[in-house]
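As a plain string of letters, each chain reads:
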Amino acid sequence: MSEQQAPSNPLTRFITDDENCWTLEQYQTHGGYDGLKKALTMTSPDVLETIKQSGLRGRGGAGFPTGLKWSFVPQGDDAPSPKYMIVNADEMEPGAFKDRWLLEKSPHQILEGLIVGGFTLQADIGYVFIRGDYYLAIERIEKAIQECYDAGLLGKNIQGSGFDYDIHIHTSAGRYICGEETALINSLEGKRANPRAKPPFPQVAGLWGKPTIVNNVETFCNLPHIINFGPDWFKGLGRCKDAGTKIFGVSGRVKTPGLWELPMGTPIRELIEVHGGGMCDGYKLKGYLPGGGSTDFLTEEHLDTPMDYDEIGKVRSRMGTGTIIVLDDKYCPIEMVINLVKFFAQESCGWCTPCREGLPWGVEILEKIEQGRGEMCDIEQLEALTRFAAPGNTFCALAPGAVEPLQSALNYYRDDFIKHIEQGCCPYEAGEHNHD
Amino acid sequence: MTDKVTIHIDGVAHEVQAGINLLQACLNLQIDMPYFCWHPAMGSAGSCRQCAVMHYQNAEDTRGRLVMSCMTPVMDGMIVSMANEKAVGFRATAIEAIMTNHPHDCPVCEEGGDCHLQDMTLISGHIKRQYPGTKRTHLNQQLGPFLNHEMNRCIGCYRCVRFYKDYCGGDDFNVFSSRNRIYFGRAESGTLENEFAGNLAEVCPTGVFTDKPFSLKFSRKWDLATSPTVCTNCSVGCNTYTAERGGVLRKINNRHNADVNAHFLCDRGRYGYEHVNHNDRLEKPWKRNNEQQKVEVLNASSAAKQVTDWFSQGDTVAVGSARSALENNAALLKLAGKGNFYAGVTDVELEQLNLLTQAAHNLSLLSLTNIEKCDALLMVGEDVTHTAPRLALAIRQMTRNAGLDKAAKFGIKPWQDEAVRNIAQDTRSPFYALNTHATRLADVAKQNIYLPPARQLSLLLEVEALLSFPDDKDIASKEAVAIAEDLLAAKKPALVTGTNGANPQILAACIRISTLLAQKNENSGFYCATGQANTMALGILSDSNQGLDALIKRLEDKAPKTLIVMETDLYRYFSDDVLDTLLDKVTNIVVLDQLLTRTAQMADLVLPTTSYAESHGCWINAEGRLQQSFATMAAIKARLPAVQWLQSLSGCHTNEQVLAWCAQTYSELAPVQQLLETSGSDFVIARQPLRSTGRTAINAGIDVKEYPPAQDLGSQLEFSMEGVPAFRQHQLKEFTSPPTGVWSPKWNSSQGINKQLESNDSSNNNGILLFANKTTDASSNLETDKSAISSDGLSICPNHHIYADDELATYSTSIQQLIPTATATMCQAQADSLGVKNGEPVAFKGKGHSLELPCAIMPDVCEGVVLVPMQQFRQLGNKATLTTAVRSAS
Ligand SMILES: Cc1cc2nc3c(=O)[nH]c(=O)nc-3n(C[C@H](O)[C@H](O)[C@H](O)COP(=O)(O)O)c2cc1C
Ligand code: SF4
Ligand code: SF4
Ligand code: SF4
Ligand code: FES
């Protein structure tokens, strides 16, 4: 194991600028699997403690502390077996493409995280549950898994540690809801991708009724580095309270849309204006969804908010996947909301009423307004529908997320709604509508 | 006693049962809490979001949090509000959202007036439609003779699929697609395969699934007169509501009896009623005039006098009926005398019934509810799905107990249905099916064992030995060891068998095993499905050597002068070759029956009797539960119950008098006294709901006069809407009958029953258990003649079928469509050894009768067995032989 310099860009340090990704050999020569090897020398409770101390929070959207989540998994000789670990690689959130980057460019990093995770909880089987249209990623993960088996990094008695572990890949059939962890588990069992009732939580009774952990791709990627360089290093990476770095993204009419690994707590302004290169010429910033399609709009006034789970929560939006979608002044915000709510309505699993019936109802009203047939009472009805799908009122978080852009648009862009209704048409220039 | 907790709903403290969910608690308290996806038997799903209430953390919490009451366990000190503005608003939006895709077709929907969605819409206060869009539409499917499918009405509550797939184990029905296009049905049109599919008409809260035979004679619920009845299509004795209008039986619904059927019926029971409306119903007393070669119509008094005249000439033999009420059988027996009374079942069945009634006091005969609670079960000798269908559904639930226990360890309550299933996965309580061929419960069995009867018996003898000497494992088969171990390890083991396999030795062995189990474990139990609805009554009334085979012998020896056959078609048991000549020797044949059966066609005097729907009577089910069934409609003038036809001969003029005689004469029937003591009060009960429309108009095409409603002298029930309405009946202690229907303000649909579950437990209404008093005299001879089991030859065994086997049910056109063609069924190896191919004829002989059936090759039939449909098996008898397996000319 070579002594390595503690990096400031752990997640992307194995990513090259070309189209390729590293083989196991290349990955290992650059320090890959050192985190795993170190973990194998520790006891699994110690590894768990290290993860807890690092302050790592889940990168899939909700930001739940990973160590805490893992500590609910029953341990010891009488714990149920087998135990499962699942990488959630079903990325389908509108505006999010960060997991794809990691999957395609750094497959071994994900597998290393998954094996570290498996060792930490003494799990037996790991799954990579991956979005079916990520062809290249699937190919590369499959190849990486084979390389691991060939090198004794998977299978029986890994690296002589006595730890047995297998990894399977499962390509998803392509529904947004399959990314919800309990729907994912149902889907993996061959059932309909409806979310499950909680309790029981997957940590105690998940896949096939056994203890199961589901985490985001990016969450897993952090693990080897935390073990390798220690929790204090990890905490030190963040610019605010939250630890580590994060893959942030900006899309929309900015000069240089893309993805960057940056410290947690990087201000939104820096992301849009420096990394995203600012607005394209002729366009002004009207607002943005800070964390992907299912987060509340923020505006100009929030630009100095750091991308940190709690700070964004304070201005009433969410960090989500950390991928910002920018709305400019030439695009109709209602059109943008329709696009999003339509997507979510279409992706509803159909289990509960507020989502299954409420979202299409919302789309119906939004289209009515957009097409100039709106009435003032429609605004109230839309508000009622967003309250209807509020957190706790639905069976899972899809619908509450779906109405976040709508409810914040009703707040920040109320004038636009009123103008549509008063003018009996969309006030934005027809040419600017990107119907797809 | 169950624990209680105190919960506060809108500032009022209520004591409720611990461990249940808040929705159920509210319904039990008669609070109008709206719901869709919850079902008392299937628990909670949390999908409709209609049952939301505001939940407060503590007294200081003023904001509260919306929770779904069906997903929230009651907790001591819990504070909730139904009236909270946000909760009311949420529920109003929920129903409005649900209705966005529901068509406005109440006026043409058959659910209308009996619709949970209508009820809930009203309760949740949704009046004005604000949704601006169009509604989604679906294509419907043809689902067979029992159910209509109108998917546009679906509100997506998932109850149907949870019932069909999860509860009944059906695999030809599912939910398809997603979002607001979810579709509930089959992958493609076709008859629903599950035997309990008909329940969808009640399980579905809207008009997606409606009762198809009812469609042909549809009437709004408010125009139906309903009475509490007992299903007469098998020995389980499910409780039903029978509804009529204008003298036509319109439909059967489930009637909740917590100890028997609870919420569900089988399709034979739900649809097997059309004999009541059938063209073959007898309408007048007929007398054969052989000289003039014609049939004379008699009036009631001359017909009764004719019987009396013939009877007074002496030498009369009578045949009782397994499909007639206890009172009718007892009256006939009383007049004929024990020695001249023959039970309308085979000798073998009677022998089994006697084994059963003698042992019954020593065994704990389980109710279906108790079967559901068992944690190990051995089913022997028949597939109860076909012989006692509702019992099979109970066994299916029983297999879930290990999973429920597993879930309980995670703190999950049994009603948290999805969670329980996710934890349980394939965990099942041990259930063994020992039969000649695959049963419909094979999918939930720990082991399916297919053996010929003789080897079934050997296996049972091994189990029996192991129960006494558990350590003697090396001399027993591994199946026997596994069964014995599971039965001994269980907290509540049970053995289920039946008389329909026609094998007294197997029954005796089952009884011995159950007796042994009972000695070791007082919580163990037994269930023996019997042949027909009132077979058990015959078992109690008659001696073992007085069955139909004995009758035939008597007719052969010396034909009696007069033969009175009541509600039994002898031609179902014997072939024409046997019967025609024997009956010719009898001078006077009197047949009392509802229908023009083959036997009735041979009669010299036919007396038309009432069907169960036109008479009041007692039925004794397989577990010895005596239940009363109340007439739904008045009989036409010339039809009388047998008790009435025979009154001058039996000396009993009313049912009460017959029952009093029974109570005095038969120790088993002594508990009947309870019924006689409790009857009689000044209240009358309405059969029709308030307010029945068209009451005076229905006959206007014939006659505009309004006649007074018919009188029911036999019960407190009125054939009108006068009297206490159904929804108030359970509040009044004087009543001795169960409520006459489910119809109450705001709760018009049959779901209304879900509000009354706690109050609906008046003991007599759930039936009287005749064998509840345990005695200790184990006197009956249950030894198995071991020499008889070594038969290595071919066994001809009955192949039961839910729709083919019950005489009365087969009068229903819907049921007829599902009767399979009769075949000689066997496995490939057996066919090979007989040298027959699929479809080639196989010839049988037995009881002086021979017949041919085409060979049908099926997997999962054991070698050494040829299966013959029950009806053909009955005619061939137990000693049938296979004469030849003739190769068809080719
Ligand atoms: C509708 C819906 C879709 C989701 N899709 C994803 C997804 O594609 N990828 C993901 O990692 N998490 C997704 N999540 C979040 C997961 O449910 C889960 O919280 C996450 O995988 C946990 O991992 P983490 O703790 O590492 O963030 C989704 C949640 C919802 C409600
Ligand atoms: S909110 Fe309800 S309908 Fe929507 S995806 Fe979640 S469970 Fe399914
Ligand atoms: S068909 Fe009926 S039971 Fe099934 S989901 Fe629709 S409304 Fe519910
Ligand atoms: S199980 Fe028997 S009693 Fe019950 S409904 Fe079916 S036929 Fe009738
Ligand atoms: S009844 Fe509670 S959510 Fe449906």
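Residues numbered from 1 in each chain as written. Chains lettered and ligands numbered in written order. Predicted model: local features only at pLDDT ≥ 70, side-chain atom pairs only at ≥ 80, totals over all residues.

S.K.: Tell me about the overall build of chain A, and please be specific about residues and values.
M.R.: Check the secondary structure of chain A and you find 19 helices and eight strands. Its C-alpha atoms give chain A a radius of gyration of 22 Å, near enough to 22 Å, the size a compact globule of 436 residues would have. Projected onto its principal axes, the C-alpha positions of chain A cover 75 × 45 × 35 Å. Burial analysis of chain A (436 residues in total) assigns 57% to the buried set. (Helix = DSSP H or I, 4+ residues; strand = E, 2+ residues; numbered from the N terminus. Rg over C-alpha atoms; globule rule 2.2 N^0.38 Å. Buried ≥ 20, exposed ≤ 12 C-beta atoms within 10 Å, placed from the backbone.)

S.K.: Explain the sheet that holds strand β5 (residues 78-81) of chain B to me, using residue names and the numbers behind them.
M.R.: Residue and element names in this part refer to chain B. Sheet architecture is open: five strands sit in the order β2-β1-β5-β3-β4, paired in mixed fashion. The outermost strands of the open sheet, each flanked by one partner alone, are β2 (12-17) and β4 (65-68). Each strand axis lies, on average, 40° off the axis of its neighbour in the sheet, ignoring direction. In this sheet, β5 lies alongside strand β1 (residues 4-9) in parallel orientation, the contact comprising three bridges. Residue pairing in the sheet places Ile9 in a bridge with Val80 of β5. Contacts from helix α2 (residues 85-99) reach β3 (52-56), β4 and β5 within the one sheet, and its direction differs from that of β3 by about 155°. (Pairing = 2+ DSSP bridges. Axes fitted to C-alpha atoms, helices over the stretch in contact; angles between N-to-C directions. Contact = placed C-beta atoms within 7 Å.)

S.K.: Would you mind going over the site of ligand 1 in detail, with residue names and values included?
M.R.: Residues and elements named next belong to chain A. As a matter of local geometry, ligand 1 sits amid 23 residues, with Gly58, Gly60, Gly179, Asn216 and Thr219 nearest to it. The dominant element in the shell around ligand 1, judged by the number of residues it contributes, is strand β4 (residues 212-216), at three residues. Residue composition of the shell around ligand 1, grouped by class: nine nonpolar, eight polar and six charged. A domain-level breakdown of the shell around ligand 1 finds at least three residues from each of domain 1 (10-237) and domain 2 (245-432). (Near = placed C-beta within 6 Å. Nonpolar A, V, L, I, M, F, W, Y, C, P; charged D, E, K, R; others polar. Domains from an automatic or database assignment.)

S.K.: Give a detailed account of unusual backbone geometry, specifying residues and quantitative values.
M.R.: Omega for the bond connecting Lys198 of chain A with Pro199 of chain A falls within 30 degrees of zero, at 0°, which places this linkage in the cis form. Mapped onto the secondary structure, Pro199 of chain A falls in the loop between α8 (181-188) and β4. The backbone phi angle of Tyr33 of chain A is positive, close to 70°, even though this residue is not glycine. Within the element layout of this structure, Tyr33 of chain A appears in the loop between α1 (24-29) and α2 (34-41). A positive phi angle is found at Asp10 of chain B, which is not glycine, with a value near 50°. Within the secondary structure layout, Asp10 of chain B lies in the loop between β1 and β2.

S.K.: Lay out the site of ligand 2 with the relevant residues and their values.
M.R.: Around ligand 2 sit 14 residues, and of these Cys349, Cys352, Cys355, Phe395 and Cys396 of chain A come closest. For the shell around ligand 2, the secondary structure elements donating two or more residues are α14 (353-356) and α17 (398-402) of chain A.

S.K.: Account for the domain arrangement of chain B, with residues named and values stated.
M.R.: Residue and element names in this part refer to chain B. Taken domain by domain, chain B consists of domain 1 (4-99), domain 2 (217-345 + 533-702 + 711-772), domain 3 (362-531) and domain 4 (790-882). Relative placement of domain 1 and domain 2: their C-alpha centres are 45 Å apart. Domain 1 puts six residues into the contact, and the matching count from domain 2 is seven residues.

S.K.: Can you tell me about the interface of chain A and chain B, naming the residues and giving the values?
M.R.: Opposite the 32 residues of chain A that make contact, chain B presents 33 residues. Of all the secondary structure elements, the ones that give two or more residues to the side of chain A that touches chain B are α13 (333-347), α14, α15 (358-370) and α16 (376-388) of chain A. Residues of the side of chain A that touches chain B, tallied by class, amount to 17 nonpolar, nine polar and six charged.

S.K.: Could you give an account of the environment of Asp90 of chain A, with specific residues and numbers?
M.R.: Residues and elements named next belong to chain A. Relative to the helices and strands, Asp90 resides in the loop between β1 (84-89) and α5 (98-105). Note on Asp90: 30 C-beta atoms within 10 Å, which makes it buried. For Asp90 and Thr171, which are 81 residues apart along the polypeptide, the C-alpha to C-alpha distance reads 8.6 Å. If we skip the residues at most four places from it in the chain, Asp90 touches Phe129, Ile130, Arg131, Ser172, Cys178, Gly179 and Leu184.

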